[in-house]
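# Structure assessment
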Amino acid sequence: MKCSLFATSALIVLAAAALTQTPLAAGATAPKPDPLVAMFVWWNAAYRQKDGFTAEAFSRYFTPDAVMRINGKDRCKGLEDLASHFRDIQAKSEMVVIDLPFIDEFTSAGGDRIFTHHFVRAREHGEESRERVMGYASIRGGKISLINFVSVPDPAPASTGNARK
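Residue numbers here run from 1 along each chain, matching the order of that chain's written sequence. Note on the predicted model: pLDDT of at least 70 is required for a residue's local features to be given, and 80 or more for side-chain atom pairs to be given and counted; whole-chain, interface and lining totals, by contrast, use all residues. Here the side-chain values reflect all heavy atoms present in the structure, with hydrogen atoms and water set aside.

Bringing the overall build of the protein into the picture now. Secondary structure elements are defined from DSSP: runs of H or I of at least 4 residues count as helices, runs of E of at least 2 residues count as strands, and each element is numbered from the N terminus. Counting its secondary structure elements, the protein contains four helices and seven strands. Along the protein, helices and strands appear, N-terminal first, in the series α-α-α-β-β-α-β-β-β-β-β. Buried means the residue's accessible area, taken with a 1.4 Å probe over protein chains only, is under 20% of the maximum for its type, while exposed means over 50%, and partly exposed covers the values in between. Here the protein holds 165 residues, and the buried ones make up 48% of them. Two residues form a contact once any of their heavy atoms are found within 4.5 Å. Sequence separation of at least 24 residues holds for 62% of the intrachain contacts in the protein that already meet a minimum separation of 6. Counting only carbon and sulfur atoms, one obtains 54% of the accessible surface of the protein, whose full area is about 8300 Å². Surface exposure here means Shrake-Rupley accessible area, sampled with a 1.4 Å probe, where a residue is shielded only by the protein chains that are shown.

When a carboxyl oxygen of Asp or Glu is within 4 Å of a side-chain nitrogen of Lys or Arg, the pair counts as a salt bridge. Applying the stated criterion across every chain, the model contains seven salt bridges. Measuring nitrogen to oxygen at the nearest pair gives 2.5 Å for the salt bridge that ties Asp65 to Arg140. Remark: Arg140 occurs in strand β6 (residues 127–140) and Asp65 occurs in strand β1 (residues 62–70); sequence separation between them is 75 residues. A salt bridge links Lys77 to Asp74, with the nearest nitrogen and oxygen atoms 3.8 Å apart. Several salt bridges share partner residues, and in doing so they unite Arg69, Asp74 and Lys77 into one network.

With 35 residues, the main nonpolar core has Leu36, Met39, Trp42, Trp43, Phe58 and Phe62 as its most contacted residues. Mapped by element, the contributors of at least two residues to this core are α2 (35–47), α3 (55–58), β1, α4 (79–92), β3 (95–98), β5 (113–124), β6 and β7 (143–153). Of the residues forming this core, the biggest block, eight residues, is contributed by α2. Nonpolar core, defined: a set of buried Ala, Val, Leu, Ile, Met, Phe, Trp, Tyr and Cys residues in which side-chain atoms within 4.5 Å join the residues together.

Right, let's get into the side chain of Gln90. Mapped onto the secondary structure, Gln90 falls in helix α4. Within 3.5 Å is the distance limit for a polar contact, defined as a pair of N or O atoms, with the added protein rule that one can donate a hydrogen and the other accept it, and that residues adjacent in sequence qualify only through two side-chain atoms. For Gln90, the side chain forms a polar contact with the main-chain oxygen of Gln49, separated by 2.7 Å.

Here the expected span of a helix is defined as 1.5 Å times the quantity of residues minus one. Spanning 14 residues, α4 covers 20 Å between terminal C-alpha atoms, matching the ideal 20 Å at 1.5 Å per step. Among all positions in α4, only Leu79, Asp81, Leu82, Ala83, His85, Phe86, Ile89 and Gln90 are buried.

For the rest of this paragraph, the subject is the pairing of β6. A strand pair is defined by DSSP finding two or more bridges across the two strands. Judged from the 12 bridges that link them, β5 and β6 form a sheet pairing that is antiparallel. The residue bridging His118 from the neighbouring strand is Val133, located in β6. The antiparallel hairpin formed by β5 and β6 contains two residues in its connecting segment, where His125 sits at a positive phi of about 55 degrees. Relative to β7, β6 runs antiparallel, the two sharing 10 bridges. Within β7, the position partnered with Gly135 by the bridge is Phe149.

The subject of this paragraph is the pairing of strand β2 (residues 73–77). Both β1 and β2 contribute to a ladder of four bridges, which runs antiparallel. The residue bridging Arg69 from the neighbouring strand is Asp74, located in β2. Taken together, β1 and the strand that follows it, β2, pair antiparallel across an intervening segment of two residues, in which Asn71 is found at a positive phi of about 50 degrees.

Another aspect to go through is α2. When the terminal C-alpha atoms of α2 are compared, their 18 Å separation across 13 residues agrees well with the 18 Å that a helix rising 1.5 Å per residue should span. Buried residues of α2: Leu36, Val37, Met39, Phe40, Trp42, Trp43, Asn44, Ala46 and Tyr47, and no others.

The subject of this paragraph is the packing of aromatic side chains. Centres within 6.5 Å are what make two rings of Phe, Tyr or Trp a pair, Trp counting through its six-membered ring; a difference in plane orientation under 30 degrees is then read as stacked, over 60 as edge-to-face, and the rest as tilted. Under the definition given, this model contains 13 aromatic pairs. A centroid spacing of 5.7 Å and a plane angle of 25 degrees characterise the contact between Trp43 and Tyr47, whose relative ring orientation is stacked. Placement of both Trp43 and Tyr47 in helix α2 is noted, with a separation of four residues, approximately one turn of the helix. A centroid spacing of 5.6 Å and a plane angle of 20 degrees characterise the contact between Phe58 and Phe86, whose relative ring orientation is stacked. Of the two residues, Phe58 sits in helix α3 while Phe86 sits in helix α4, which places them 28 residues apart along the sequence. Residue Phe58 is classed as buried on the basis of its relative accessible area, which comes to 0%. Judged by its relative accessible area of 0%, Phe86 is buried. Three or more aromatic residues link up through ring pairs in this structure, and these residues are Trp42, Trp43, Tyr47, Phe53, Phe58, Tyr61, Phe62 and Phe86.

This is how it looks when you write it as structure tokens:
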């Protein structure tokens, strides 16, 4: 199955947003990022590498049966499908970035869902675009088993050029 450029980017943005850190006291260690943020941090880096998107790499963050659902449609199922989808996006675009930290993020009381609100920026054929993404990731065994996002075009305000409004 194929995923949209923005849907894929949305996943990455979610993961990176969780990396927001506050200053630590001397001797303290930074908290471990949640599985979604960790995945998006990896995704942003993997996009810039020729062979960054492999099923093996996705297996560090996703369950073997993971589903990516965007705007109510299952776009990817399984590790090979995720890797193939993102390689396709990588090949046809000049840039995709999941903006981190997220605009908003929280985890369910049970810890099995991570909710996010973020932007994904992209450039394809020289044309810049931005998507506003909201939704959640289901977590099973410390890995992402479902991405369920709603994504809509949301151009950055022309007056400031700022991607975060």
